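An overview of the molecular structure
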Amino acid sequence: MTTGSALLLELPKVELHCHLEGSMSSATVKALAARHQPDWSWVWNGDIPEHFSFDDFPDFGRQYLFGLSLLRNADDIATITDDLAASLAQQNVRHVELTTTAYSHIEVGNMAPEEYRDGLDEGRRRAAARGVNIGWVIDIPRDLETPDSQVTIDFLESSRTPDGLIGIGLGGYEVGFPAAPYAEHFARGRALGLHSIPHAGETEGADSVRQAVDDLGAERIGHGVRVLEDPVLVEQLVESGVFCEVCPTSNLLLGVVDTLDEHPLTRMIDAGLNVCLNTDDPGWFDTDLMTELQIGTDLGLRVEDHVRLQRDAVRASFAPADVKRLLAEQLDVFERAHC
Ligand SMILES: [Zn+2]
């Protein structure tokens, strides 16, 4: 069975690792720039480019910061959520777990927590009208928010959280910013009923994944691709069912792998790990879920493998039961027709 893109487009899909603030396409950035008339000469010469690319991590950071600077009110937040939902709906993605960084808006951007919450709620309503269910993960940016800061956890413990909040995450650059100091924050988040979904094993090795599991109670790992460096830990993740959210294009562009050909996706699957494919920052990385699935195909996945990965992702998701049931039924129909 071939895995042509038309067939994969038809496949009902979920995405579990995507950052709202990383999802802004060039068209969205241009629309927000027209709204706010900022100076972008410190980021690009001339016009905002049609497609984003970057020379190195600082260059990426500059563009990302410029995107964040355009998010000033609830309507901006709702706009970028809806733009992403439109793209997801076109790709037949019916449930997405979107990470958003409250600290960037409330602390760095000085947005009132209620304004931020209202934007997320409105964006989620617009996405639902497109047939896309959103679950929010609010992450602590480890390279920005020090462990003694209470900004994110205070927001999570307030009465101003958005509808559809499912998890607490840990994002940002791992090197030099270990997970263990955030154990208390995660304990408090889990006490609120939130799921533990930290990034680990991306820019740091297997030890970082072990910390995420042991100290933060991780139920899923953002990335986790470097877990293969420790066969004992691989076995532990396989047995405990901790799931890895794999993002190949992100890994390539941020230098985790040198080429897509050597991406560890299929080695992770062969080792028995539960994984799914994701975009991470689709706007900035100029990718989408269909592109990531095609990369999976290029690495050797057959259509039945894609169906299995979607089933695993639905199971590992924190979608409401009715959304999970509908997706399982749609995957059954697809499998009967195409496998
Ligand atoms: Zn990420």
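The text that follows walks through the structure, step by step, so that each part is easy to find.

Conventions and cut-offs
Residues numbered from 1 in each chain as written. Predicted model: local features only at pLDDT ≥ 70, side-chain atom pairs only at ≥ 80, totals over all residues. Heavy atoms only, no water. Helix = DSSP H or I, 4+ residues; strand = E, 2+ residues; numbered from the N terminus. Rg over C-alpha atoms; globule rule 2.2 N^0.38 Å. Buried < 20%, exposed > 50% of the residue type's maximum accessible area, 1.4 Å probe, protein only. Contact = heavy atoms within 4.5 Å. Areas by Shrake-Rupley, 256 points an atom, 1.4 Å probe, with all protein chains shown as cover. Lys, Arg positive; Asp, Glu negative; His and termini not counted. Charge placed at Lys NZ, Arg CZ, Asp CG, Glu CD. Donors = N, O, S within 2.8 Å, 3.2 Å for Na, K, Ca; no water. Tetrahedral: all angles 85-135°; square planar, octahedral: opposite > 155°, others 65-115°. Patch = residues over 30% accessible without salt bridge, like charges linked within 9 Å, V, L, I, M, F, W, Y side chains within 5 Å. Salt bridge = Lys/Arg side-chain N within 4 Å of Asp/Glu carboxyl O. Phe/Tyr/Trp six-rings, centres within 6.5 Å; stacked < 30°, edge-to-face > 60°. Pairing = 2+ DSSP bridges. Axes fitted to C-alpha atoms, helices over the stretch in contact; angles between N-to-C directions.

1. Let's talk about the overall build of the chain
Tallying secondary structure elements over the chain gives 15 helices and nine strands in all. Relative to the compact-globule value of 20 Å for 339 residues, the chain shows a C-alpha radius of gyration of 19 Å, a close match. The principal-axis extent of the C-alpha atoms belonging to the chain is close to 50 × 40 × 40 Å. For the chain, buried positions account for 56% of its 339 residues. Sequence-distant contacts in the chain: of pairs separated by 6 or more residues, those separated by 24 or more amount to 75%. Carbon and sulfur atoms form 49% of the exposed surface of the chain, whose accessible area is close to 13500 Å². When the 26 positive and 57 negative side-chain charges of the chain are each reduced to one mean point, those points stand 6 Å apart.

2. Quick notes on the coordination of the zinc ion
Note on the zinc ion: its protein donors are His17 (NE2), His19 (NE2), His199 (NE2) and Asp280 (OD). The metal-donor distances range over 2.1 to 2.2 Å. Here the zinc ion is ringed by four donor atoms whose angles at the metal span 84 to 172°, and the overall shape comes out irregular. Between the donor residues of the zinc ion, the gaps in sequence give the motif H-x1-H-x179-H-x80-D. Linking histidine 17 in strand β1 (residues 13-19) with aspartate 280 in the loop between β9 (275-277) and α13 (289-298), this pair joins segments that are 263 residues apart in sequence. Here histidine 17 matches aspartate 280 in class, with each residue buried.

3. Things to note about a negative patch on the surface
Residues Asp258, Asp261, Glu262 and Asp298 make up a contiguous surface patch of negative charge. Inspection of the secondary structure assignment puts aspartate 298 in helix α13.

4. Comments concerning the environment of valine 323
Mapped onto the secondary structure, valine 323 falls in helix α15 (residues 321-338). By relative accessible area, valine 323 is classed as buried at 16%. In the structure, valine 323 is positioned 56 residues away from arginine 267 in sequence and 30 Å away in space, judged by C-alpha atoms.

5. Concerning the packing of aromatic side chains
Here the structure, examined in full by the defined rule, presents 10 aromatic pairs. With a centroid separation of 6.1 Å and an interplanar angle of 70°, the aromatic rings of tryptophan 42 and phenylalanine 66 are classed as edge-to-face. Placement of tryptophan 42 in the loop between α2 (26-36) and α3 (57-69) and of phenylalanine 66 in helix α3 is noted, with a sequence separation of 24 residues between them. The exposure class of phenylalanine 66 is buried, given its relative accessible area of 0%. Through pairs of rings, three or more aromatic residues link up here, namely Trp42, Trp44, Phe52, Phe54, Phe60, Tyr64, Phe66, Trp284 and Phe285.

6. Considering the sheet that holds strand β4 (residues 165-171)
The strand order β1-β2-β3-β4-β5 describes an open sheet built from five strands, whose pairing is parallel. One side of each edge strand has no neighbouring strand; the edge strands of this open sheet are β1 and β5 (195-196). Lying on the sheet, α15 is in contact with β1, β2 (93-100) and β3 (133-141); it crosses β2 at an angle near 135°.

Everything listed here is a matter of coordinates, which is why it stays silent on function.
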